[in-house]
Amino acid sequence: METLIPTINRLQEVFLTLGAEIIQLPQIVVVGSQSSGKSSVLESLVGRDFLPRGSGIVTRRPLVLQLVNVPPLQERLKIENGNGIKQNAQNSYPGVKAEEWGTFLHCKNQIFTDFQEIRREIEAETERGSGDNKGISPEPIYLKIFSPKVLNLTLVDLPGITKVPVGDQPKDIEAQVQEMILSFISNPNCLILAVSPANSDLATSDALKLAREVDTDGRRTLLVVSKLDLMDAGTDALEVLLGRVIPVRLGIIGVVNRSQHDINTQKSLEDSMKDEQAFLQRHYPSLVSRAGSRYLAKTLSRLLMHHIRDCLPDLKTRVTVLSAQYQARLNSYGQPVEDHSATLLQIVTKFASDYCNTIEGTARHIQTSELCGGARICYIFHETFGRTLQSIDPLAGLTDLDILTAIRNATGPRPALFVPEVSFELLVKRQIKRLEEPSLRCVELVHEELQRIIQHCSSFSTQELLRFPKLHDSIVEVVTGLLRKRLPITNEMVIHSLSKIIIFILIILVIPLDAFFFCFFFYFQVHHLVAIELAYINTKHPDFTDAAQVSASVNSQQAEALDGGKRWKNEKVTEEKAAAAGFGSPSKGQAINLLDTAVPVSRKLSSREQRDCEVIQRLIKSYFLIVRKSIQDSVPKTVMHFLVNYVKEHLQSELVGQLYKQPLLQELLIESQDTAQQRTEVAQMLEALKKANNIISEIRETHLW
């Protein structure tokens, strides 16, 4: 059990060298109001006068005090000369020719044998960190005292709780001190030594109040009632010490502090302890064996050892888990670059592989919050693009008057006996043209998703890119340029003549799919799928309804409604009236304007006009559905073949061709300063954790009991 406290001290030293507190080690924290006697209690534990004393706030920085029990000087000298017991060789401290001495963490390899020098160093270090006019600082001072008169302990002396700022202290000095105290005592592995003077009401103790905030059940709190000799005449603290006023689970211990007169007259601590024992014997004879500074030291050592024993399993688990985490972080930062060529090829190859795997859906880092990569492209094809095409009405924006106007314009000066084909072509091309915009938008969405995959791979798949920011920027630039070169399908708004389309169709039919076909077809792109449909209206398509059948169907429907004679007569009369009212010569009194487009007046259509409009509408709808089906099938195939698959096949060769150049290797593989610094810090922390693990492993299970 006695080895537990030195073990914790060694662990504390290991982590303090790194300036990090990732492990919350067991320790005793001294809490009390200003001038409550905290420093006097600590000095009585050490048995030497070494802390700054005075009125007002004296302790202005946390003091981490490690007490180490060492053999007396004579015994250590015997061990050095080879005449002592070899088992104590680790405590011999060769080279130190003093009975008691101290060391500071900020004073490397410097030994203080004069405790007055220790006091002056504490004062000087306090002024360096918090100024010389009552300012406070949360930066701790680490002091280790070696003495055969002390028990193994680790204590933290904190600034006293103050209410009113003095000197250059800020106005919120009370809040700052309380925040500092809470940051220490909130550690579940620390014991709280609450110091409260006996001449004040224990119910108003600030130390107990803060301790109760973080230790509600009181399992970590020990109360010290100081200044028992300063109580009013006729009163005592017996009820308080017995726990009848405010019970404390770990106990209540009363002590007698040195007075200011004793300090001024330089009364020794040994004499003060004798006077303390005499005072307790006179006033508290029933508690003399459970009070006083010596009993306090033994109690603290026993409590700390048992507390360390209880915390040790969790501490070992914490060190093991942190070691694994820091090892993983160190592996993610990679090793320093030795072979620039191999490193560049490895990173480029891995990025290209991750990029392709993200498209294929086989990447290691698969998002669960949103669609990404190939899944997003599939959604664009079948949900966004497909639904958009399905929502387009074949006859939207096409009125009966537009159809009649197109029929009359196609017949010229002669009246037509049948519906002219030219009018059908004009109208169906107008409707098919509406498929061009959603097709181009589909390609644009796929291009945007391919751009997003670059950032996805940079963030989740290729950690090495974070090490080399210039290489990352260059890779993004190369991939973006490759995508930009494949994007003319969304930027060109070219409508080719019928002759070029015919040549293109002949090339497709005659020449095999070689390099010439590849370049030529890519020039036409998705934009030209609509242009191809507009170039030739194939009325012989097997899915297209024959015009004669449509006309016969319409005529048969009208024949069922009207008989032959009335139908012909009414139709003729209606046509004559319609011609006179709508498309005939202007009526008298109306001016003739040859420059403006005549806007026919709304009228009721004749049965023949209704028949012609219905025939054209059915033919347009039938042919439009064929073209829409073809476009819906052709656009995704074209995008996949000439954009997505092309990028997948040529990405790695493009990256190697533009980046794998000897003059660029050194420049591209320059690590960022943050990565290099973080690797160094993580390596140091991992080394400290390994040392801590070795120290904890030295403790056998038998040593815990």
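This one's a predicted model, so the numbers in the text were calculated from it and none came from an experiment.

Criteria and thresholds
Residues numbered from 1 in each chain as written. Predicted model: local features only at pLDDT ≥ 70, side-chain atom pairs only at ≥ 80, totals over all residues. Heavy atoms only, no water. Helix = DSSP H or I, 4+ residues; strand = E, 2+ residues; numbered from the N terminus. Buried < 20%, exposed > 50% of the residue type's maximum accessible area, 1.4 Å probe, protein only. Contact = heavy atoms within 4.5 Å. Areas by Shrake-Rupley, 256 points an atom, 1.4 Å probe, with all protein chains shown as cover. Phe/Tyr/Trp six-rings, centres within 6.5 Å; stacked < 30°, edge-to-face > 60°. Salt bridge = Lys/Arg side-chain N within 4 Å of Asp/Glu carboxyl O. Axes fitted to C-alpha atoms, helices over the stretch in contact; angles between N-to-C directions. Parallel < 35°, antiparallel > 145°, perpendicular 65-115°, else oblique. Left-handed = near helix turned anticlockwise from the far one by under 90°. Nonpolar A, V, L, I, M, F, W, Y, C, P; charged D, E, K, R; others polar. Expected span 1.5 Å × (residues − 1). Core = buried A, V, L, I, M, F, W, Y, C linked by side-chain atoms within 4.5 Å. Pairing = 2+ DSSP bridges. Lys, Arg positive; Asp, Glu negative; His and termini not counted. pLDDT = per-residue confidence, 0-100. Polar contact = N/O pair within 3.5 Å; in protein donor to acceptor, adjacent residues only side chain to side chain.

Draft legend 1. Inspection of the overall build of the protein at higher detail. Scanning the protein from N- to C-terminus turns up 26 helices and nine strands. When burial is assessed residue by residue, the protein has 46% of its 705 residues classed as buried. Within the protein, contacts between residues at least 6 apart in sequence are counted, and of these 81% link residues at least 24 apart. Surface exposure of the protein reaches about 37200 Å², of which carbon and sulfur atoms provide 52%.

Draft legend 2. Structural view of the environment of tyrosine 333. Tracing the backbone through its elements, the reader meets tyrosine 333 in helix H10 (residues 293-333). For the pair tyrosine 333 and arginine 467, spaced 134 residues apart in the sequence, the C-alpha separation amounts to 7.1 Å. Discounting residues that sit within four places of it in the chain, tyrosine 333 has contacts with Arg467, Glu671, Thr675, Gln678, Arg679 and Val682.

Draft legend 3. View of unusual backbone geometry. Positive phi, normally seen in glycine, also occurs at lysine 227, with a value near 60 degrees. Structurally, the position occupied by lysine 227 is in the loop between strand E8 (221-226) and helix H7 (238-241).

Draft legend 4. Expanded view of the packing of aromatic side chains. Applying the stated criterion to the full structure yields five aromatic pairs. Relative to phenylalanine 146, the ring of tryptophan 101 lies with its centre 4.9 Å away and its plane at 15 degrees, an arrangement referred to as stacked. Of the two residues, tryptophan 101 is situated in strand E3 (residues 101-104) and phenylalanine 146 in strand E5 (residues 141-147); the sequence distance between them amounts to 45 residues. Across the pair, phenylalanine 146 and tryptophan 101 agree in class, each one buried.

Draft legend 5. Here's a closer look at the environment of lysine 661. One can find lysine 661 in the loop between helix H24 (607-659) and helix H25 (662-668). Judged by relative accessible area, lysine 661 falls into the partly exposed class, the value being 40%. Along the sequence, lysine 661 and serine 341 sit 320 residues apart, while their C-alpha atoms lie 9.0 Å from each other.

Draft legend 6. Local environment of the pattern of salt bridges. Scanning all chains against the criterion turns up 23 salt bridges. Because the salt bridges share partners, they merge into one network encompassing Glu43, Asp49, Arg119 and Arg258.

Draft legend 7. Structural detail: the packing of helix H17 (residues 469-485) against H24. Look at H17 against H24: their axes get within 10 Å of each other, and the N-to-C directions meet at 135 degrees. Considering their axes alone, H17 and H24 lie oblique with respect to each other. Taken as a pair, H17 and H24 cross one another with a handedness that is right-handed. Where H17 abuts H24, its residues Leu471, Ser474, Ile475, Val478, Val479, Leu482, Leu483 and Lys485 lie against Tyr646, Val647, His650, Leu651, Glu654, Leu655, Gln658 and Leu659. By residue class, the composition of the contact of H17 with H24 is eleven nonpolar, three polar and two charged.

Draft legend 8. Spotlight on helix H9 (residues 269-283). Relative to the 21 Å expected for 15 residues at 1.5 Å per residue, H9 spans 21 Å between its end C-alpha atoms, a close match to the ideal helical length. The elements touched by buried residues of H9 are helix H2 (38-46) and H10.

Draft legend 9. Broad picture of the nonpolar core. By size, the foremost hydrophobic cluster in this structure holds 62 residues, and its most contacted members are Phe351, Tyr355, Val446, Leu450, Leu471, Val479 and Leu655. Those elements that provide at least two residues to this core are helix H11 (340-360), helix H12 (374-390), helix H13 (400-411), helix H14 (421-432), helix H15 (436-461), H17, H24 and H25. Setting aside residues no more than four positions away along its own chain, valine 479 makes contact with Phe351, Tyr355, Ile454, Leu651 and Leu655. One finds Ile5, Ile141, Val682 and Leu689 within the second-largest nonpolar core, a separate group that totals 60 residues.

Draft legend 10. The arrangement of the sheet that holds strand E2 (residues 63-69) in detail. Spatially, nine strands are ordered E4-E3-E5-E2-E6-E1-E7-E8-E9 in an open sheet, and the strand pairing comes out mixed. The open sheet has two edge strands with one neighbour each: strand E4 (111-112) and strand E9 (252-254). Alignment of E3 against E4, held across two bridges, turns out to be antiparallel. Counterpart to threonine 103 in the pairing with E4 is isoleucine 111.

Draft legend 11. Up close: the pairing of E3. Relative to E5, E3 runs antiparallel, the two being bridged by four bridges. Its bridge partner being in E5, glycine 102 is matched across the sheet by isoleucine 145. As consecutive antiparallel partners, E3 and E4 are separated by six residues, and within that stretch asparagine 109 has a phi angle of approximately 60 degrees, a positive value.

Draft legend 12. Broad picture of the environment of isoleucine 145. Counting through the fold element by element, isoleucine 145 comes out in strand E5. As for isoleucine 145 and threonine 113, which are separated by 32 residues in sequence, their C-alpha atoms are 9.8 Å apart. Setting aside residues no more than four positions away along its own chain, isoleucine 145 makes contact with Val46, Phe50, Leu65, Gln66, Leu67, Val68, Trp101, Gly102 and Phe115.

Draft legend 13. Geometry of the side chain of lysine 38. Within the secondary structure, lysine 38 sits in helix H2. One buried charged side chain, lysine 38, makes no salt bridge at all; its nearest oppositely charged neighbour is aspartate 157, positioned 4.5 Å away. Aside from chain neighbours lying at most four places away, what touches lysine 38 is Val30, Val31, Gly32, Ser33, Asp157, Leu158, Pro159, Gly160 and Val195.

Draft legend 14. A look at the confidence of the model for the protein. Considering every residue of the protein, the mean pLDDT works out to 75; 76% of them sit at 70 or more. The low-confidence segment residues 84-91, where pLDDT is below 50, has eight contacts with residues more than four positions distant or belonging to other chains. A low-confidence stretch, residues 571-599 stays under pLDDT 50, and its non-local contacts, those more than four residues away or across chains, total 15 contacts.

Draft legend 15. Just the side chain of glutamate 436, in detail. Along the polypeptide, glutamate 436 turns up in helix H15. According to the relative accessible area criterion, glutamate 436 is buried, its value standing at 7%. In this structure the side chain of glutamate 436 is engaged in a polar contact, spanning 3.0 Å, whose partner is the side chain of lysine 433.

Draft legend 16. Summary view of the packing of H12 against H24. At a closest axis distance of 10 Å, the pairing of H12 and H24 adopts a crossing angle of 155 degrees. Here H12 is positioned roughly antiparallel relative to H24, judged by the angle of their axes. The two elements H12 and H24 cross, and the hand of that crossing is right-handed. Counting all contacts with H12, which are made through Ile377, Phe381, Phe385, Gly386, Leu389 and Gln390, the residues of H24 involved are Arg628, Ile631, Gln632, Val635, Pro636, Val639, Met640 and Val644.

Draft legend 17. Structural view of the pairing of strand E6 (residues 153-157). In terms of burial, E6 is a largely internal element, five of the five residues being buried. Residues Leu153, Leu155 and Asp157 of E6 are buried on one face, and the alternating residues Thr154 and Val156, pointing to the opposite face, are buried as well. As defined by bridge partners, strand E1 (residues 27-32) adjoins E6 across three bridges and the pair is classed as parallel. Looking at E6, one finds that valine 29 is bridged to valine 156. Both E2 and E6 contribute to a ladder of five bridges, which runs antiparallel. Within the sheet, the bridge partner assigned to leucine 67 lies in E6 and is leucine 153.

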